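These are the residues of each chain, in order.
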2 protein chains.
Amino acid sequence: MVKTRAILEEYKTYVPGRSKKEIAEEYGVAEESIIKLGSNENPWGPSPKAKQAIIDSIDEINRYPESNHEYIKEQIAKYANVTKDQVIIGGDGADELFEVLAKTVIDEGDEFIVHQPTYTYYEYTFKQSNAKAVYATWNIEENKLDVDSVLNNITDKTKVIFLCTPNNPTGGLIPQEDIVRIIEATDALVVIDEAYWEFSEVNNVNLLKKYNNIFIIRTFSKVMGLAGLRIGYGLSNPDFIEKMSRIKPVFSVTVPSQKAVIATLNDEEFIKESTEKAITEREYLYESVNSIDNIHIYKSKSNYLLMDVRKTGYTAAELTSKLMSRGVIVRDCTSFVGLDEYYIRISVETHPKNEKFIEILKEIVEN
Amino acid sequence: MVKTRAILEEYKTYVPGRSKKEIAEEYGVAEESIIKLGSNENPWGPSPKAKQAIIDSIDEINRYPESNHEYIKEQIAKYANVTKDQVIIGGDGADELFEVLAKTVIDEGDEFIVHQPTYTYYEYTFKQSNAKAVYATWNIEENKLDVDSVLNNITDKTKVIFLCTPNNPTGGLIPQEDIVRIIEATDALVVIDEAYWEFSEVNNVNLLKKYNNIFIIRTFSKVMGLAGLRIGYGLSNPDFIEKMSRIKPVFSVTVPSQKAVIATLNDEEFIKESTEKAITEREYLYESVNSIDNIHIYKSKSNYLLMDVRKTGYTAAELTSKLMSRGVIVRDCTSFVGLDEYYIRISVETHPKNEKFIEILKEIVEN
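Residues numbered from 1 in each chain as written. Chains lettered and ligands numbered in written order. Predicted model: local features only at pLDDT ≥ 70, side-chain atom pairs only at ≥ 80, totals over all residues. Heavy atoms only, no water.

A. Local environment of the domain arrangement of chain A. Residues and elements named next belong to chain A. Domain annotation of chain A identifies domain 1 (6–45 + 269–365) and domain 2 (48–267). Inter-centroid distance (C-alpha atoms) of domain 1 to domain 2 is 24 Å. Domain 1 puts 31 residues into the contact, and the matching count from domain 2 is 35 residues. On the domain 1 side of the interface with domain 2, the three residues burying the most area are Y11, I271 and K301, jointly 22% of the side's total. At the boundary of domain 1 with domain 2, the tally comes to 1 salt bridge. Here E10 ties to K127 by a salt bridge, and the two come within 3.5 Å at their closest N and O atoms. (Domains from an automatic or database assignment. Contact = heavy atoms within 4.5 Å. Buried area = accessible area lost by both parts, 1.4 Å probe. Salt bridge = Lys/Arg side-chain N within 4 Å of Asp/Glu carboxyl O.)

B. A look at the packing of helix α3 (residues 70–80) of chain B against helix α10 (residues 255–265) of chain B. All names here are of chain B. Two numbers describe how α3 lies on α10: the axes approach to 10 Å, and their chain directions differ by 30°. Relative to α10, the element α3 is oriented roughly parallel. At the point where α3 passes α10, the crossing takes the left-handed sense. Contacts between α3 and α10 involve Y71, I72, Q75, I76 and Y79 on the former and, on the latter, Q258, V261, I262 and L265. Residue composition of the contact of α3 with α10, grouped by class: 7 nonpolar, 2 polar and no charged. (Axes fitted to C-alpha atoms, helices over the stretch in contact; angles between N-to-C directions. Helix = DSSP H or I, 4+ residues; strand = E, 2+ residues; numbered from the N terminus. Parallel < 35°, antiparallel > 145°, perpendicular 65-115°, else oblique. Left-handed = near helix turned anticlockwise from the far one by under 90°. Nonpolar A, V, L, I, M, F, W, Y, C, P; charged D, E, K, R; others polar.)

C. Structural view of the relation of the copies chain A and chain B. Placing chain A over chain B gives an RMSD of 0.0 Å and needs a rotation angle of 180°, together with 0.0 Å of translation along the axis. With respect to symmetry, the two chain copies, as superposed, fit the operation of a two-fold axis. Closest approach to the rotation axis within chain A is made by the C-alpha atom of A:I55, at a distance of 3.3 Å. Of all interface residues in chain A, 100% are interface residues in chain B too; the two copies therefore contact each other through one and the same surface. (Least-squares fit on C-alpha atoms with pLDDT ≥ 70 in both.)

D. Molecular detail of the interface of chain A and chain B. Each partner contributes to the interface: chain A provides 80 residues, whereas chain B provides 80 residues. Both sides of the chain A and chain B interface together cover about 7,000 Å² of buried area, and 55% of this is carbon and sulfur. The largest per-residue losses of area from chain A upon contact with chain B belong to A:R63, A:Y64 and A:R246, which jointly make up 11% of the total buried on that side. Counting across the interface, chain A meets chain B through 14 salt bridges. B:R63 is the salt-bridge partner of A:E349, the closest N and O atoms lying 3.1 Å from each other. At the boundary of chain A and chain B, one finds 48 residue pairs in polar contact (both at pLDDT 80 or more). Of all the elements in the fold, those that place two or more residues in the side of chain A that touches chain B are α2 (48–56), α4 (95–105), α5 (121–126), α9 (238–247) and α10 (255–265) of chain A. A per-element tally of the side of chain A that touches chain B places α9(A) first, with 7 residues. Partitioned by chemical class, the residues of the side of chain A that touches chain B number 32 nonpolar, 23 polar and 25 charged. (Polar contact = N/O pair within 3.5 Å; in protein donor to acceptor, adjacent residues only side chain to side chain.)

E. Quick look at empty space enclosed by the protein. Summed over all chains, the structure comprises 4 cavities of 30 Å³ or more. Counted as a void, the largest cavity has a volume near 370 Å³. Lining the largest cavity we find 22 residues, and of these A:Q128, A:S129, B:R5, B:Q128 and B:S129 sit closest to its centre. Secondary-structure elements contributing two or more residues to the lining of the largest cavity are α4 of chain A together with α4 (95–105) of chain B. What the second largest cavity holds in volume is close to 140 Å³. Lining the second largest cavity we find A:D92, A:E96, A:E99, A:V100, A:K103, A:P249, B:D92, B:E96, B:E99, B:V100, B:K103 and B:P249. Breaking the lining of the second largest cavity down by element, the ones donating at least two residues are α4 of chain A together with α4 of chain B. Of the residues that constitute the lining of the second largest cavity, the class distribution is 4 nonpolar, no polar and 8 charged. (1 Å grid on protein atoms, 1.4 Å probe; cavity = no way out; pocket = protein on both sides within 12 Å on 5 of 7 lines; lining within 4 Å. Points joined across faces, edges and corners; volume = space filled by probe spheres on them.)

Structure follows, in structure tokens:
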């Protein structure tokens, strides 16, 4: 057997998520009636213009994709209100760019600060570069970042600080003044994950004008409705973008993905409506769950919400399983660092499915 | 400015390749008449079944792709004549799997052996993990691997040995007895790149039964006609596959890519015909260029061929530029380690375009 790296022993054998098809078969539910609240997607589907663009590009899929992304960068720059040389495109949603970031700044033994709970992929990726994770605190009760817990953990070895706003899975925002306090306290790169910014209607792009040590990361997997096509982008200063570009994967954004991005950005009405619908459904879910006595639900600025289910008498795993047997997929948050075994995250579905979910949830927890 | 890694200084600022559109505009050539011999693609296009599968999946692109790939692995296992647990799937063609390989076995200061010239991405990726490239020799004149140059470079630090067969860009094969000599001389992982194996009609899958230190890597970008969808796969022993799976990107294969893979593997006639047509056109190109006095062309077992153009009086860069002005894209091989400035690689196009290419080439070099 070939000798593998020591760090792999800290990673578990990969257990694949279960497909809708498998769940439908196991529980005898029709696949199309499954209510999927697990993955923070846009449930209304992609822009019709994106679908058409994919169909129009279908005779080109035997050819390599463009690697320069010049036109896409232009369109994103316009959307994000930056210049083209401040933009980098990644395949695999935002996830590939986390790997490129690690390869751009992390040497063995460096540290990165990450508040917990948050999106788990930062740590998954950065630990692979032999960097050490240092945990800061997300205050669950108040649903806000404990800024001092970040500041107090900055050392000479800190290379990257991750800030997720709105935070996944809690839905709380980090106020810009808190972000600025952190940026000004360090030379490390502050990575601001704005995957869900559209649902919060605020972002931190204005900081790019003033600070050189920030990297804003975003995705086409959420409001843009293209999770299945795996495109992300990052915004930073041109020098840093140039450095990252030297070592990024060259052809990782597929032909259909590139066409769909351009078509979606040109469909402003789609983006606006998708955002509004998600916010409406988020508030519907908040109000509906909030009226259930034995579940605590947190206010959210994203397209998902965190529920504390301990008073139902079920663990998150038990309730997740009960919901699944009724055709509802939610995210059991037990595996998130910083959360115990009683949290579940739900993201918005279309209104009829959200209504049905509330009905099923009540049947389970109110009886 | 955030401090970036020292290794980045060994990478050049990325210069994007030029798109067909740009070339068409600059030289006043119609985009559809461009003859693209530069990228070793399948010029006849993807399987019609793959195209239909993409169209059928278009309403699912707002949802995350499946991450388990169980069904795809089954189909690939059948195609490759292995078991499902010997298969790993990667996004970004074969390229993502090179990164996963590096992260699975490379610690700082380890060495990898790579014969030159060959596919440049091995070194591009592995150097990013602070591994040291050790060069072995591909004998250009005889178009074969100098096996001793590999064996003599094996040290205690050797973690990976890359063997590309058929070799890109030369087209020569590595006989299995030579591969076995190398495998038996080392505990390092021997990575056998079979991206183009179908065109050579031989492969090394039988070695998986006997040896644990090999990894065979393949792609859907060549005969399968899906370069624009970025899917690759690897074959090894189940233990090693499990280790790699722990740290690989989770969602990097897009929804359309997954559907297209399955449809293509189910279209055996397409694979067979694409292979046969490519071999026919390769031999046509060989014979045609071989009849040109001042160009030496090497026999190839792949879908591309290497030309030595020094006797034309042009460098590869000059001839590439002259061809481009006539709407022909070829691969100037000057940047390949182990080749001087007089080599050009051409891959097969459809027959009318190959005929046109020969006509244009003759006009340039015979006058």
